[in-house]
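# Chain and residue survey
So the chains spell out like this:
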Amino acid sequence: MSVSKTPPPASAAPRASQETTPAGSTGSTRRGPRRRVREAVTAYAFLTPAVLLFLALGLYTLGYGLALSGATWNGFSPEWTWVGLDNYLDLLYRSPVYAPIVRSAALHTLVVMIAVPLLTVAISFPLAVLLNNAARLRTMMRTVFFLPYVTSGIAVYLAWQYVLRPDGGVNALLRALGLGTLAQPQGFLGNPATALPTVIVVMVWTAVPVGMLLYLTGLQSLDPAMLEAASLDGAGWWRTNMHIAWPLLRPITAAVILLNLREALQGFQTFLVMTGPEGAPGGKTNVLGLQAYHLAFLEQMQPTLGLASALGWLLFLIAILLAALNLRALRSTT
């Protein structure tokens with residue numbers, strides 16, 4: 001005897017799905033906040049060591065340096081002697097020993113701050129224009145010009161120091177070309193008249209690759225149709241680049257100038273490696289950053305760490321002021 005199976009009603013399946021859907025959605029809604037909490041805890045766990053490291057080596061160091069700038073200390077005595085703003089006043093005008101040295105270093109720093117950015121811009125932009133027009137050799141030449149920047153700074157400075165010696169490659173090349181009158185028997189870094197210009201040339205040689213790459217990026221982002229329209233209207237190579245491309249790249253020019261101003265103001269490793277901590281010859285290459293290093297480490301137990309810290313804070317304030325002026329000038333031109 002066969003039993004006939006009746007199929008379930010058509011409304012049963014939808015009803016089952018309607019019954020299970022809210023349960024599933026409730027589970028997923030409950031899992032959502034838990035997952036977010038777990039992700040937040042994981043993120044904070046990864047961020048906490050970096051924040052603690054910044055607090056220990058960042059804010060603590062800044063506070064310690066600011067407190068030290070108002071004291072005299074030789075680095076070894078157990079106590080500081082609080083002097084307030086005397087360190088700043090001694091550096092600026094009051095001390096007959098340190099104020100003249102700081103003024104001379106400030107003059108050399110000002111020369112570097114003017115010469116390095118201007119020469120970097122004057123060389124980087126034409127190089128970028130030439131590379132932008134040379135489509136076939138662009139990649140190779142860009143790599144060649146960028147090598148000075150990626151090479152280790154100390155190795156580059158030592159190599160320059162070697163070729164600038166009295167018996168170095170520069171003097172030998174000048175004599176071979178019949179320009180022996182331009183050779184320097186004392187070396188280009190040993191002659192007081194050529195020492196600072198020589199270091200400026202090395203700094204520009206190191207800074208040009210970054211400026212050139214920034215300008216090249218800016219030129220490649222310009223609309224080619226605009227430059228072609230200018231050439232069709234009769235504008236030559238010079239007018240097209242100087243009156244059309246150059247004004248459009250003012251933000252890049254501001255960035256290049258700001259980068260080189262910062263390096264000229266605060267960077268001292270070039271001078272330290274090439275001319276020594278005394279700014280040889282005769283202090284002609286002594287700059288503010290090098291003077292701060294000298295006061296901090298080379299005064300032979302003299303209590304000048306406070307002076308070095310005060311000079312460092314003066315450099316920091318000047319850098320902030322220059323950055324603000326540069327930003328304002330950039331906003332006024334855009």
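Report follows, based on the coordinates. (Residues numbered from 1 in each chain as written. Predicted model: local features only at pLDDT ≥ 70, side-chain atom pairs only at ≥ 80, totals over all residues. Heavy atoms only, no water.)

Here Asn 74 shows up in the loop between β1 (71-72) and β2 (81-82). Linking Asn 74 and Leu 305, residues 231 residues apart in sequence, is a C-alpha distance of 6.0 Å. Side-chain polar atoms of Asn 74 contact the backbone nitrogen of Phe 76, separated by 2.9 Å. Reaching out from Asn 74, the side chain makes a polar contact with the backbone nitrogen of Ser 77 at a distance of 3.0 Å. (Helix = DSSP H or I, 4+ residues; strand = E, 2+ residues; numbered from the N terminus. Polar contact = N/O pair within 3.5 Å; in protein donor to acceptor, adjacent residues only side chain to side chain.)

Attention now goes to the packing of aromatic side chains. Under the counting rule described, the total for this entry stands at 10 aromatic pairs. Ring centres of Phe 125 and Tyr 215 lie 5.4 Å apart, and the angle between their planes is 75°; this geometry places the pair in the edge-to-face category. In this pair, Phe 125 sits in helix α3 (residues 98-133) while Tyr 215 sits in helix α7 (residues 195-221), placing the two residues 90 residues apart along the sequence. The exposure class of Phe 125 is buried, given its relative accessible area of 5%. Taken together, the aromatic side chains of Tyr 60, Tyr 64, Trp 73 and Trp 80 make up a single cluster linked through ring pairs. (Phe/Tyr/Trp six-rings, centres within 6.5 Å; stacked < 30°, edge-to-face > 60°. Buried < 20%, exposed > 50% of the residue type's maximum accessible area, 1.4 Å probe, protein only.)

On to the side chain of Thr 275, then. Among the structural elements, Thr 275 can be located in helix α11 (residues 269-275). On the accessibility criterion, Thr 275 (10% relative accessible area) is buried. A distance of 3.0 Å separates the side chain of Thr 275 from the side chain of Thr 285, its partner in a polar contact. Setting aside anything within four residues of it in sequence, one finds Thr 275 in contact with Leu 189, Val 199, Thr 270, Ala 280 and Thr 285. (Contact = heavy atoms within 4.5 Å.)

At a minimum axis separation of 12 Å, α3 and helix α9 (residues 237-248) run at an interaxial angle of 115°. When the interaxial angle is binned, α3 and α9 end up roughly perpendicular. Where α3 crosses over α9, the handedness of that crossing is right-handed. Across the interface between the two elements, Val 121, Phe 125, Val 129 and Asn 133 from α3 touch Trp 237, Asn 241, Met 242 and Trp 246 from α9. Tallied by class, residues from the contact of α3 with α9 come to six nonpolar, two polar and no charged. (Axes fitted to C-alpha atoms, helices over the stretch in contact; angles between N-to-C directions. Parallel < 35°, antiparallel > 145°, perpendicular 65-115°, else oblique. Left-handed = near helix turned anticlockwise from the far one by under 90°. Nonpolar A, V, L, I, M, F, W, Y, C, P; charged D, E, K, R; others polar.)

Bringing the nonpolar core into the picture now. Ranked by internal contacts, the top residues of the largest apolar core, which has 55 residues, are Leu 91, Val 112, Ile 200, Tyr 215, Leu 219, Phe 271 and Leu 295. Broken down by secondary-structure element, the contributors of at least two residues to this core are α2 (86-94), α3, α5 (153-163), α7, α10 (250-266), α11, α12 (288-297) and α13 (305-333). Setting aside anything within four residues of it in sequence, one finds Ile 200 in contact with Val 111, Val 112, Ala 115, Val 116 and Leu 119. (Core = buried A, V, L, I, M, F, W, Y, C linked by side-chain atoms within 4.5 Å.)

Once that is clear, we can look at the pattern of salt bridges. In this structure the tally under the stated criterion is four salt bridges. In this structure, Asp 167 engages Arg 165 in a salt bridge whose closest nitrogen and oxygen atoms are separated by 3.6 Å. Across the salt bridge formed by Glu 263 and Arg 262, the nearest N and O atoms sit 3.6 Å from each other. Residue Glu 263 is classed as partly exposed on the basis of its relative accessible area of 24%. It is possible to trace a salt-bridge network through shared partners that takes in Asp 86, Asp 90 and Arg 94. (Salt bridge = Lys/Arg side-chain N within 4 Å of Asp/Glu carboxyl O.)

It is worth spelling out the packing of helix α8 (residues 224-232) against α9 at this point. Contact geometry of α8 with α9 gives a least axis separation of 10 Å together with a crossing angle of 155°. Taken together, the axes of α8 and α9 are roughly antiparallel relative to one another. Every pair of crossing elements has a handedness; the one defined by α8 and α9 is right-handed. Here Met 226, Leu 227, Ala 230 and Ser 231 of α8 come into contact with α9, specifically with Thr 240, Ile 244 and Leu 248. Considered class by class, the residues forming the contact of α8 with α9 number five nonpolar, two polar and no charged.

Read these as layout, nothing more, since geometry by itself doesn't imply function.
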